[in-house]
Amino acid sequence: MTFATVEEDRPLRAVVVGAGFIGGQWAPELLAHPEVELAGWVDVEPARARAAARGLGLHDLPTGASLTALLDGEEPDFIVNCTVPQAHHEVTVTALRRGVAVLSEKPMAVTLEEARAMVRASEESRRLFMVSQNRRHMRGLAAFRRTAGELGPLGLMTSEFFMPYRGAAFLATLEHPLLQDMAIHLFDAARAVSGADPVSVYCESFRPPWTWYPGACSATAIFEMTGGLRYTFTGSWSAPGLPTSWTGSWRVAGTRGTTRWDGEGDPVAEPAKGEVVRAHKREADPHPERPRRYTGLAEGLAEFVAGLRTGRAPQGECHDNIRSLAMVTAALESARTGMRTPIVIS
Ligand SMILES: NC(=O)c1ccc[n+]([C@@H]2O[C@H](COP(=O)([O-])OP(=O)(O)OC[C@H]3O[C@@H](n4cnc5c(N)ncnc54)[C@H](O)[C@@H]3O)[C@@H](O)[C@H]2O)c1
């Protein structure tokens with residue numbers, strides 16, 4: 001899809017929407033980007049936006065509860081949607097319909113119907129709409145992706161995610177906390193690493209006897225992907241020991257060999273007999289001067305800004321990212337119906 005670019009030689013004006021945890025990570029990234037100007041901060045609880053701005057020494061930054069008032073008053077080029085998932089659809093469509101591009105936190109939306117309407121709003125307004133999947137920019141994941149790219153046609157891919165987690169109260173309110181909250185990170189990573197798209201899924205989502213969650217905190221899913229690749233995911237928020245990393249533990253097998261990644265360090269690889277496969281190493285940190293920055297936001301912002309300047313679609317552009325969301329919504333449907341579910345994007 002073609003989308004409008006910003007041609008004028010001036011910084012891009014950005015408004016942050018949502019002043020909770022992740023809004024507080026995005027604002028410093030916008031301030032640090034040489035081609036971006038922070039033009040305002042919105043939150044339905046305006047005191048939060050005011051306090052967050054003051055916390056960064058931005059005493060004169062326009063803040064408020066009304067997104068439309070700030071869009072009309074400050075005329076930003078884009079918003080960064082840092083609201084809760086239930087508000088993503090309304091906030092994103094409001095901005096796009098006013099001709100404002102959107103860089104959104106994951107997940108794109110709660111349902112696939114909402115996501116389709118958001119993609120349509122992007123097409124109709126001809127405005128860039130990208131979802132940030134920050135883990136794509138982890139240096140370990142990038143090395144694993146390059147290594148998997150050496151294996152030839154892929155046949156099998158597995159990821160495990162096991163975490164004894166009690167940290168976020170809202171997880172206890174979800175029917176399927178693993179699938180509804182965490183799985184999008186792993187599913188999007190599976191698409192990034194394999195270059196394949198989902199075709200169908202069979203999924204079971206359940207409660208092991210020892211869990212402290214009221215909802216189905218554990219799941220196993222088998223995806224058929226394009227090219228015949230099978231991707232299996234198994235995970236739990238109630239791991240009774242031996243946790244994986246926050247990006248899981250991975251294995252990919254292709255015609256030329258196998259690579260494994262622990263979700264943190266460098267991947268390892270072993271070639272099939274008679275083949276040569278190189279295990280790629282993580283590249284050096286591009287921002288060693290800011291060791292405490294939140295992983296991947298700066299890289300996602302750089303791709304989004306480059307997109308607005310050149311018209312080149314960044315990773316996470318909505319037509320691509322909706323395929324990752326569809327893996328989640330189809331897995332949920334399969335878990336509820338007990339049936340293998342085809343994954344239909346549009
Ligand atoms: N990529 C990551 O690693 C990562 C990490 C944390 C959160 N997230 C995502 O970021 C989003 C926000 O998560 P969070 O932890 O910052 O939540 P949070 O609850 O800390 O903050 C959300 C803020 O949005 C505000 N808000 C809600 N509806 C709004 C609306 N309609 N308009 C304006 N403001 C509104 C709330 O008042 C709150 O201040 C979620 O989608 C979450 O999945 C991503």
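All of these numbers come straight from a predicted model, not from anything done at the bench.

Colleague: I keep staring at the packing of helix α7 (residues 177-194) against helix α9 (residues 318-337) and nothing clicks. Help me out?
Modeller: For any two helices packed against each other, the geometry comes down to the angle between their axes and how far apart the axes lie. The contact between α7 and α9 brings their axes to 9 Å, and the two run at 130°. Classified by the interaxial angle, the pair formed by α7 and α9 is oblique. When the axes of α7 and α9 are compared, the crossing they make is right-handed. For the pair α7 and α9, contact is made by L179, Q180, I184, F187, D188 and R191 and by D320, N321, R323, S324, L325, M327, V328, A331, L332 and R336, respectively.

Colleague: Where do I start with the site of the ligand in this structure?
Modeller: Near the ligand lie 22 residues; those nearest to it are I22, D43, R48, K106 and Y294. Taking K106, its main chain carries an N or O atom lying 2.8 Å from an oxygen atom of the ligand. Considered on its own, the ligand offers 860 Å² of accessible surface; in the complex 80% of this is hidden by protein. Considered class by class, the residues forming the shell around the ligand number 12 nonpolar, 6 polar and 4 charged.

Colleague: I tried to follow the pattern of salt bridges on my own but got confused; where do I start?
Modeller: One side chain can pair with another of opposite charge once the charged atoms of both are near each other. Tallied over the full model, the rule gives 18 salt bridges. Salt-bridge contacts for R13 lead to E37; the nearest nitrogen and oxygen are separated by 2.8 Å. Linking R13 in strand β1 (residues 12-17) with E37 in strand β2 (residues 36-42), this pair joins segments that are 24 residues apart in sequence. By relative accessible area, R13 is classed as partly exposed at 22%. Through salt bridges with shared partners, a single network forms among R136, D188, R191, D197, D320 and R323.

Colleague: Can you help me understand the side chain of E317 in this one?
Modeller: Mapped onto the secondary structure, E317 falls in the loop between α8 (297-310) and α9. Of the buried charged residues, E317 lacks a salt bridge, with R323 as the closest side chain of opposite charge at 8.3 Å. For E317, the residues in contact, after removing those within four places along its chain, are L128, F129 and M130.

Colleague: Looking at this structure, how should I read empty space enclosed by the protein?
Modeller: Think of a ball as big as a water molecule: rolled over the atoms, this probe shows where empty space is left. Here the structure, examined in full by the defined rule, presents 1 cavity of 30 Å³ or more. In this model, the largest cavity occupies a volume close to 50 Å³. Taken together, M130, V131, S132, Q133, N134, R136, H137, G300, Q315 and G316 make up the lining of the largest cavity. It is strand β6 (residues 129-132) that provides the largest number of residues to the lining of the largest cavity, a total of 3 residues. Here the lining of the largest cavity is built from residues that sort into 2 nonpolar, 7 polar and 1 charged.

Colleague: I keep staring at the domain arrangement of the chain and nothing clicks. Help me out?
Modeller: The figure often quoted for interface size is the accessible area lost as the parts come together. By the assigned domains, the chain splits into domain 1 (12-135 + 295-315) and domain 2 (139-283 + 326-342). Centre-to-centre, using C-alpha coordinates, domain 1 lies 28 Å away from domain 2. Summed over both sides, the interface of domain 1 with domain 2 buries roughly 870 Å², with 52% coming from carbon and sulfur. Of all residues in domain 1, K106, Q133 and R135 bury the most surface against domain 2, accounting for 67% of the area lost on that side. Taken together, the links from domain 1 to domain 2 amount to 0 salt bridges. Of the residues contributing to the side of domain 1 that touches domain 2, the split by class is 2 nonpolar, 4 polar and 2 charged.

Colleague: Where do I start with the packing of aromatic side chains in this structure?
Modeller: Two descriptors summarise a pair of aromatic rings, namely the distance from one centre to the other and the angle between the planes of the rings. Applying the stated rule across the entire model yields 15 aromatic pairs. Ring geometry for F187 and F223: centres 4.9 Å apart, planes at 75°, overall edge-to-face. One end of the pair, F187, is in helix α7; the other, F223, is in strand β9 (residues 218-225), with 36 residues separating them in the sequence. With a relative accessible area of 0%, F223 lands in the buried category. Above the plane of the ring of W212 lies R166, whose end atom (NZ or CZ) is 3.9 Å from the centre.

What counts, and at which threshold
- Here the residue index of a chain counts from 1 through its sequence in written order.
- Given that this is a predicted model, residues contribute local features only at a pLDDT of at least 70 and side-chain atom pairs are listed and counted only at 80 or more, while totals for whole chains, interfaces and linings are drawn from all residues.
- Note that the side-chain values use all heavy atoms of the structure and ignore hydrogens as well as water.
- A fitted line through C-alpha atoms serves as each axis, taken over the contacting stretch for helices, and the angle formed by two N-to-C directions is quoted from 0 to 180°.
- Helix and strand definitions follow DSSP, with helices as H or I runs of at least four residues and strands as E runs of at least two, each counted in order from the N terminus.
- What sets the label is the angle itself: under 35 degrees gives roughly parallel, over 145 gives roughly antiparallel, 65 to 115 gives roughly perpendicular, and the rest give oblique.
- By definition, turning the near helix anticlockwise from the far helix through less than a right angle yields a left-handed crossing, and turning it clockwise yields a right-handed one.
- The contact criterion used throughout is that any non-hydrogen atoms of two residues lie within 4.5 Å.
- Throughout, the term near means that a residue has one or more heavy atoms lying within 4 Å of the molecule or strand in question.
- A 3.5 Å cut-off defines polar contacts: any pair of N or O atoms within that distance qualifies, except that in protein one atom must be a possible hydrogen donor and the other a possible acceptor, and neighbouring residues in sequence count only when both atoms are side-chain atoms.
- Under the convention used here, a 1.4 Å probe and the Shrake-Rupley method define accessible areas, while residue burial counts only the protein chains that appear.
- Gly falls in the polar group here, along with every residue not listed as nonpolar (Ala, Val, Leu, Ile, Met, Phe, Trp, Tyr, Cys, Pro) or charged (Asp, Glu, Lys, Arg).
- Here, a salt bridge means any Lys or Arg side-chain nitrogen found within 4 Å of an Asp or Glu carboxyl oxygen.
- When a residue's accessible area, from a 1.4 Å probe over protein chains only, is under 20% of the maximum for its type it is buried; when over 50% it is exposed; and in between it is partly exposed.
- We count Lys and Arg on the positive side and Asp and Glu on the negative side, and we leave His and both chain ends out.
- Definitions used throughout: a 1 Å grid over protein atoms alone; a cavity as a set of points that fits a 1.4 Å probe which cannot get out; a pocket as an open set with protein on both sides within 12 Å along at least five of seven lines; a lining residue as one with an atom within 4 Å of a point.
- Grid points are joined across faces, edges and corners, and a volume is the space filled by probe spheres set on the points.
- How far each domain reaches was decided by an automatic or database domain assignment.
- In this description, buried area is defined as the sum, over both parts, of the accessible area (probe of 1.4 Å) that is lost when the two are combined.
- Put simply, two rings from Phe, Tyr or Trp (the six-membered ring, in Trp's case) pair if the centres are within 6.5 Å, and we call them stacked under 30 degrees between planes, edge-to-face over 60, tilted for the rest.
- We call a charge positioned over a ring when the NZ of a Lys or the CZ of an Arg lies within 6 Å of the ring centre and within 35 degrees of the ring normal.

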